[in-house]
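Residue-level structure breakdown
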Amino acid sequence: MRKNLKIYIFYSTILLLFIASCKTIFKTSPYQEYLKSLESADLANSKMAILWKERGGKAITSPTQEIKTPHQEEIFFKDHTPQALGYKINYKKGRKYIFSIKTDEKANFKIFIDLFEGDKNRNYWSLKSADTTLIYENQDDKILILRLQPELLISGKVNLKIVDEPKLGFPVSNAGNKNIQSFWGMDRDGGSRKHEGIDIFAKKGTPVLAVDKGTITRVQETAIGGKVIWQRLGISQSIYYAHLDSQLVKDGQIVNKGDTIGLIGNTGNAKRTSPHLHFGIYTSSGAIDPLDYVLLNNTTTPTLKNEIKYLGEEIIIKKNNKIIPIKILAVSNAAIIYENELGEIENTNNVKLEKISNQPKFKTQKYLYAKPIVNDIEIGILNPEEQFTVLGKTDGFFYIQQKDIKGWVSIN
């Protein structure tokens, strides 16, 4: 009886732990919660909500742009058209990416920031969600898609910043990228072996720093590495520091990131070279290239393109021999993101303003359409007896403003 009671308590405890964990396992993202709220309000099948979901899906499968870090972008979301922007990022396993958004202080709306992992077959699955800041790191190279999408019927500006940092600290005091002068894969011993690490050169006696918190597992001297130190990080990686002049730690010692563990030297088979640290990373699968894990990156916020002054405005450009209006949706340090005359989101690096010189004449009233498509949504009627302005033109249509209404009018 007592044995059965123990078994019952054991399985009851497991069940309670599983139920508690389900809150985390099956927790939905803010984006999914918003979709549920639309369904609860019987709005999920409205034209606006359907378009909102379509734009959100397209931002994942057809991202607006592929970006490199550091990246900064100013975005304008307007209330009458659902929008979603997608960004493709080629993630390297040695890096830590930080995505952050900031809304206008006067704005009062929620914007969803979601990160997706993808594969070579363009299959994507949701990974992380956040409200303002999202941090991502992985043990493998990945294709990432970042999606930004606000709630429906929202207007406001958002600032996006993306930077990446090395996962580990730099292992040599007061040194940087320029001190790395020998890289992964270079020939050693006449080509009989390859370099399994990087060499960081500095003056003899320069402090060697622990790249992260971990346990010192070996302090020894070998023929090749000279005076070496091995440090364990978690359960998956071992850090190798070689050619030291002095070792300042002991086996089993726990060190923190930035602690001095030794001094630069040229011991072992480096006696005929300038003092340097051989730095390596080893996993259960063997040595890996450590460069991205320590390479310092420029995190200074890049300057936005000059077209930032047009953010949120409609301007006229010439494209493919068409003079058309576009709405500037986002401006970054690398590109201009805009919505063209058909409501599709595109990007370009160069936007040129154009003017219309000819003024057409109409004898009868004309429908003003939302898009240059026959029988599109009618948003007004052009009165030829009142003043109007031609803002642009495309195949078979003029883009016209009369009073406060802008729309497309068939030329025929």
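Residues numbered from 1 in each chain as written. Predicted model: local features only at pLDDT ≥ 70, side-chain atom pairs only at ≥ 80, totals over all residues. Heavy atoms only, no water.

Looking now at helix α3 (residues 47-61). If you check α3, its first and last C-alpha atoms are 21 Å apart, about what 15 residues at 1.5 Å a residue would give, namely 21 Å. Every buried residue of α3 is accounted for by A49, W52, R55, G56, A59 and I60. Projection of α3 onto a plane perpendicular to its axis shows the buried side chains occupying an angular sector of 140°, all on one side. Among the exposed residues of α3, those pointing more than 90 degrees away from its buried face are K47 and E54. (Helix = DSSP H or I, 4+ residues; strand = E, 2+ residues; numbered from the N terminus. Expected span 1.5 Å × (residues − 1). Buried < 20%, exposed > 50% of the residue type's maximum accessible area, 1.4 Å probe, protein only. Arc of directions from axis to C-beta.)

The subject of this paragraph is the environment of F109. Assignment of secondary structure puts F109 in the loop between β4 (95-103) and β5 (111-118). Not counting residues up to four positions away in its chain, the partners in contact with F109 are T103, P150, E151, I154, S155, G156, K157 and V158. (Contact = heavy atoms within 4.5 Å.)

The next thing to look at is the sheet that holds strand β1 (residues 65-66). Across the sheet, which stays open at both edges, the five strands sit in the order β1-β3-β8-β5-β6 with mixed pairing between neighbours. Pairing within the sheet leaves two strands with one partner each, and these edge strands are β1 and β6 (124-130). As paired elements, strand β3 (residues 85-91) and strand β8 (residues 142-150) share seven bridges and run antiparallel to each other. Residue pairing for β8: L85 is matched across the bridge by L148. Relative to the sheet, helix α2 (residues 30-40) contacts β5, β6 and β8, its axis offset from that of β5 by approximately 120°. (Pairing = 2+ DSSP bridges. Axes fitted to C-alpha atoms, helices over the stretch in contact; angles between N-to-C directions.)

So, about a nonpolar patch on the surface. A grouping of I377, I379 and I405 is seen on the molecular surface, where their side chains present a nonpolar patch of about 260 Å² in accessible area. By secondary structure assignment, the location of I379 is in strand β27 (residues 378-382). Exposure remark for I379: the relative accessible area of 37% places this residue in the partly exposed category. (Patch = residues over 30% accessible without salt bridge, like charges linked within 9 Å, V, L, I, M, F, W, Y side chains within 5 Å. Areas by Shrake-Rupley, 256 points an atom, 1.4 Å probe, with all protein chains shown as cover. Salt bridge = Lys/Arg side-chain N within 4 Å of Asp/Glu carboxyl O.)

Along the chain, H278 turns up in strand β20 (residues 276-283). In this structure the side chain of H278 is engaged in a polar contact, spanning 3.3 Å, whose partner is the side chain of D199. The contact partners of H278, leaving out residues within four places of it in the chain, are H195, E196, G197, I198, D199, Y240, Y241, A242 and H243. (Polar contact = N/O pair within 3.5 Å; in protein donor to acceptor, adjacent residues only side chain to side chain.)

Of the two faces of strand β24 (residues 336-339), the one holding I336 and Y338 and the one holding I337 and E339 are both buried throughout. Note: strand β23 (residues 322-332) against β24, four bridges, orientation antiparallel. Bridge pairing links V331 to I336 in β24. If you look at the hairpin formed by β23 and β24, you'll find three residues sitting between the two strands. Where β24 folds back onto strand β25 (residues 345-348) in an antiparallel hairpin, the turn is made up of five residues, including G343, whose phi is positive at roughly 80°.

Membership of the largest hydrophobic core comes to 28 residues, with the highest contact counts inside it found for L168, V172, I239, Y241, I261, L277 and F279. For this core, the secondary-structure elements that each account for two or more residues are β13 (198-201), β16 (226-233), β17 (237-247), β19 (260-264), β20 and α4 (291-294). Beyond its immediate chain neighbours, meaning those up to four positions away, L168 contacts V211, D212, L233, I239, K257, F279, I281, Y293 and V294. Residues I111, I113, A130 and L134 belong to the second largest nonpolar core, which totals 27 residues. (Core = buried A, V, L, I, M, F, W, Y, C linked by side-chain atoms within 4.5 Å.)

In the case of a regular strand, side chains alternate between the two sheet surfaces. For β5, the buried fraction is high: eight of the eight residues fall into the buried class. By the alternation rule, side chains of β5 split into I111, I113, L115 and E117 and F112, D114, F116 and G118, which are all buried. Summarising the sheet, β5 and β6 pair through six bridges and their orientation is antiparallel. If you follow I113 over to β6, its bridge partner there is A130.

What follows deals with the confidence of the model for the protein chain. Per-residue pLDDT for the protein chain averages 86, and the proportion of residues at 70 or more is 91%. In this model, residues 1-26 is a region of pLDDT below 50 whose contacts with residues beyond four sequence positions or in other chains number one contact. (pLDDT = per-residue confidence, 0-100.)

Here K68 shows up in the loop between β1 and β2 (71-77). You can call K68 exposed: its relative accessible area is 73%. Note: C-alpha distance between K68 and Y87 (19 residues apart in sequence) is 9.9 Å.

Next up on the list: the pattern of salt bridges. Scanning all chains against the criterion turns up eleven salt bridges. Measuring nitrogen to oxygen at the nearest pair gives 3.7 Å for the salt bridge that ties D245 to K204. With D245 in strand β17 and K204 in the loop between β13 and β14 (207-209), the pair connects residues that are 41 residues apart, well separated along the chain. Given a relative accessible area of 54%, K204 falls into the exposed group. For K322, the salt bridge is made with D395, and the minimal N-O distance between the two is 3.8 Å. In this pair, K322 is assigned in strand β23 and D395 in the loop between β28 (389-394) and β29 (397-402), connecting sequence segments 73 residues apart. The partly exposed category is assigned to K322, whose relative accessible area is 24%. Taking relative accessible area as the criterion, D395 reaches 60% and is therefore assigned exposed. What you see here is one network of salt bridges that share partners, running through E314, K327 and K406.

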